[in-house]
Amino acid sequence: MIHRKLNLIFDFDGTLADSFHIAIEKLTLLANELNLRKIEPSELEILRNLTSKELIHYLKIPFFKLPHLMHRAREHMKNEISTLSIFIDLPEVLTELKHLDCTMGIVTSNSLVNVSTWLEQHQMQNIFNFIHAESSYFGKGYLLKKAIKSYAMKLDDTFYIGDETRDIEAAKKCHIQSIAVTWGFNSESLLTRYNPTHIARNPQNILTIVNDLF
């Protein structure tokens, strides 16, 4: 029997790194700096049920301010990156996936410096075969497609694992499967409405999904 070679591409923020509350904190700081609408603590659950486009509309962020906002957010995050925790059981699951000979990668709009620093902080720099970190106005689908092409990945054996609806949409645009994780930014109810290939309610679920494919 031929062993199936799977490609597992992970989002970073909210999927690997627990960055939700830090991101909200920094967004609040940037609201003062860029004269944007502030987020109230009572709104956090509302935000988890919004797509990225709905979030921009809800916070009344002008489109022309988005590039600068994203740049400043990454700069702010650089100072906090080493403090971001990793989700419970995720290091062990990632190690097991590596032992299964899966190709492991990260595709993110965060910066390469931030991601590399965080991986080193958690002694996981040898887990991933590649990191594709790039800010793109064309969206995550564009970044994902570039990574798939660069590493000549077979579409039927490739998965994108993320915590937002835009991760599910990016996977569909690239004709690959998606695993939506419920421990990040978007709520499970919202993620489910976007019909991911799989849902993972805890890191162990990812390992189960992969094992069932062999």
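Above: the structure in question.
Everything in this summary refers to the structure shown in the same document.

Parameters and conventions
- Residues numbered from 1 in each chain as written.
- Predicted model: local features only at pLDDT ≥ 70, side-chain atom pairs only at ≥ 80, totals over all residues.
- Heavy atoms only, no water.
- Pairing = 2+ DSSP bridges.
- Helix = DSSP H or I, 4+ residues; strand = E, 2+ residues; numbered from the N terminus.
- Axes fitted to C-alpha atoms, helices over the stretch in contact; angles between N-to-C directions.
- Buried < 20%, exposed > 50% of the residue type's maximum accessible area, 1.4 Å probe, protein only.
- Arc of directions from axis to C-beta.
- Contact = heavy atoms within 4.5 Å.

1. Observations concerning the sheet that holds strand E5 (residues 177-181)
Across the sheet, six strands lie side by side as E3-E2-E1-E4-E5-E6; this open sheet has parallel pairing. Across the chains shown, the open sheet's two edge strands, defined by having one partner strand only, are strand E3 (130-133) and strand E6 (198-200). Along the sheet, successive strands turn relative to each other by an average axial angle of 25°, direction set aside. Relative to E6, E5 is paired through three bridges, and the arrangement is parallel.

2. Comments concerning helix H6 (residues 112-121)
Three or more residues of H6 are buried, namely Asn114, Val115, Trp118 and Leu119. Buried residues of H6, viewed axially, fall in a sector of 125°; they line one side. Relative to its buried face, H6 has exposed residues pointing more than 90 degrees away, namely Val113 and Glu120. Taken together, the buried residues of H6 touch helix H4 (66-78), strand E2 (103-108) and E3. Looking one or two places after H6, you find Gln123, whose phi comes out positive at around 50°.

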